[in-house]
Amino acid sequence: MPTTVLSGFTHNFLGNAPAWYKQVILLFLIANPLIVWTLGPAVAGWALVGEFIFTLAMALKCYPLLPGGLLAIEALLVGMTSADAVYHEVLVNFPVILLLMFMVAGIYFMKELLLVTFTQILVGVRSKSALSLLFCAAAAVLSAFLDALTVTAVIISVAVGFYSVYHKVASGKGYHHADHNANSDEHVIELHREDLDKFRAFLRSLLMHGAIGTALGGVATMVGEPQNLLIAKVVGWDFASFFLHMVPVSLPVLVAGLITCWLLEKLRWFGYGARLPRPVRQVLEEFADNERTKRTKADQAALWVQAMAALVLVIGLAFHLAEVGLIGLLVIILITSFTGVTDEHQIGKAFQESLPFTSLLVVFFAIVAVIHEQHLFKPIIDFVLSLPQDQQPGMFFIANGLLSMISDNVFVATVYISEIKQALDAGSIDYEHFQELAIAINTGTNLPSVATPNGQAAFLFLLTSAIAPLVRLSYGRMVVMAFPYTIVMGTVGLFCVVNLV
């Protein structure tokens, strides 16, 4: 325990994070102003990007909002960006913030329906390869008509439900034990520890297959990812024309991705292939039977309400009847009104998962503002636009993919589409070539960006969600598990952009 006030400050700084981690963050905070004053803000900007990625990589040591927020505040203080620039980035991405605030909370109120549905799938499909394909393909189809973050929220909610059910039993408790702490293995019975570890590996693989599926489907339609809608508006595509322009790339990549999913499960490479232990399957089957037996008429009515709300959600998102976040708020209102959830504190629990990540995303936009203000990507854009036109689509795909891995695919797409729009307006390129480059930008920001969790908001959401520490899904492990998909999706995508677009 601290014996002086100074040692108390040291102890409290970043809480229970390891001492070496605290020292590294302090080193970053001391070094950044020195880099700005000696080497210039551009060099400091690249250093800041690397430091922020480090905080994401160490997310299981300390939630990135805290160290990342300190780095972002310092960037503002030393003049690497401004509060107005950060506000502009937040404003541009406000639909994503709305989505996180309300859609994730809306999914929370549908968790009973999701758990019932996916439990039947899990216990009904005994082949792990078939189950993985089903998860990946379902996530792809849903992401094409909903959006990747919403689908990821569904997958996370389902996985947390599965894990909680078995963890309670492994700890010697009943299914509905109210105050069980799934984060601690202290009370797990020794007999169940090996099965629990295998179950974690099983869930990790399903989560990653599902997350990859959101990228496979999200690239195909204008509502799949936030930047898709932006690109569609700039180019002048509607839903059908966007889909048709992307098909030469999105369809072959989808097929290649699903084949990769099946092969990874069969070969058991890169952390995939873990099977569902027999004792865990028995527990989930008993849980499903028990839930079915004890379900009252009121419970059945609540499930019907959730199903109707899910239908409203799909229709609203597929036809883009309103901003995604507003549709999420509609779902919250409908479900709570017709299922008897009227207490403020009950409703508040739904926002516990989404608001910390929303705050982290705002900090991320501050880092993006530094990238924008310091023009860190401009030399790359100028180089690509200087190449012969027949080489530009392939190079745009590569450049967008690499930059999305270290930055944010929404930001990268925004910068690139605005640059080529300026080239179109200046008469440097014609409209047909403009459309080809738009396809390259969309596919480049959506496909290779699966390489790192910070490449896509859905992956970052998964990394910082409640399920990640439960199943031991770290930044490094996500990078390793995404690696084969990155190679396949990037290679097939590049081939299609160069030869078919």
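Refer to the structure above for everything that follows.
So, a few notes on the structure that sits alongside this text.

Quick notes on the rules
Residues numbered from 1 in each chain as written. Predicted model: local features only at pLDDT ≥ 70, side-chain atom pairs only at ≥ 80, totals over all residues. Heavy atoms only, no water. 1 Å grid on protein atoms, 1.4 Å probe; cavity = no way out; pocket = protein on both sides within 12 Å on 5 of 7 lines; lining within 4 Å. Points joined across faces, edges and corners; volume = space filled by probe spheres on them. Helix = DSSP H or I, 4+ residues; strand = E, 2+ residues; numbered from the N terminus. Nonpolar A, V, L, I, M, F, W, Y, C, P; charged D, E, K, R; others polar. Core = buried A, V, L, I, M, F, W, Y, C linked by side-chain atoms within 4.5 Å. Buried < 20%, exposed > 50% of the residue type's maximum accessible area, 1.4 Å probe, protein only. Contact = heavy atoms within 4.5 Å. Disulfide = S-S within 2.5 Å.

Another point: the layout of surface pockets. If you add up the space inside the second largest pocket, you get close to 500 Å³. What lines the second largest pocket is a set of 32 residues, among which Pro-95, Val-96, Glu-225, Pro-226 and Gln-227 lie closest to the centre. Of all the elements in the fold, those that place two or more residues in the lining of the second largest pocket are α6 (94-108), α9 (148-170), α11 (226-235), α17 (354-373), α20 (409-425) and α22 (457-463). Considering each element in turn, the lining of the second largest pocket owes the most residues, five residues, to α11. Tallied by class, residues from the lining of the second largest pocket come to 20 nonpolar, seven polar and five charged.

Turning next to the nonpolar core. Counting residues in each nonpolar core, the largest one holds 162 residues, and the members touching the most others are Phe-162, Phe-202, Met-208, Trp-237, Leu-462, Ile-467 and Met-489. The biggest single contributor to this core is α9, with 14 residues. Setting aside anything within four residues of it in sequence, one finds Leu-462 in contact with Thr-152, Ile-156, Leu-207, Met-208, Ala-211, Ile-467, Ala-468, Leu-473 and Met-478.

As a further point, take unusual backbone geometry. For Leu-14, which is not glycine, the phi torsion reads 60° and is therefore positive. Within the chain, Arg-268 stands out as a residue other than glycine whose phi angle is a positive 60°. Topologically, Arg-268 is positioned in the loop between α12 (239-267) and α13 (278-294).

Here the focus is the state of the cysteines. What we call a disulfide is simply a covalent bond connecting the sulfur atoms of a pair of cysteines. Within this structure, the stated rule accounts for zero disulfides. This cysteine, Cys-136, is not joined by any disulfide, and Cys-261 carries the nearest cysteine sulfur, 4.7 Å off. For Cys-261, a relative accessible area of 0% puts it in the buried group.

Attention shifts here to empty space enclosed by the protein. Under the criterion given, the structure shown has three cavities of 30 Å³ or more. Taken as a whole, the largest cavity encloses approximately 70 Å³ of empty space. Residue lining of the largest cavity: Phe-118, Phe-135, Ala-138, Ala-139, Leu-142, Val-151, Val-154 and Ile-155, and that is the complete set. For the lining of the largest cavity, the secondary structure elements donating two or more residues are α8 (128-145) and α9. In terms of residue count, α8 provides more of the lining of the largest cavity than any other element does, four residues in total. Along the walls of the second largest cavity sit Phe-135, Ile-155, Val-158, Ala-159, Phe-162, Leu-203, Leu-206 and Leu-207, which together make up its complete lining. For the lining of the second largest cavity, the secondary-structure elements that each account for two or more residues are α9 and α10 (190-218). With four residues, α9 is the single largest residue contributor to the lining of the second largest cavity.

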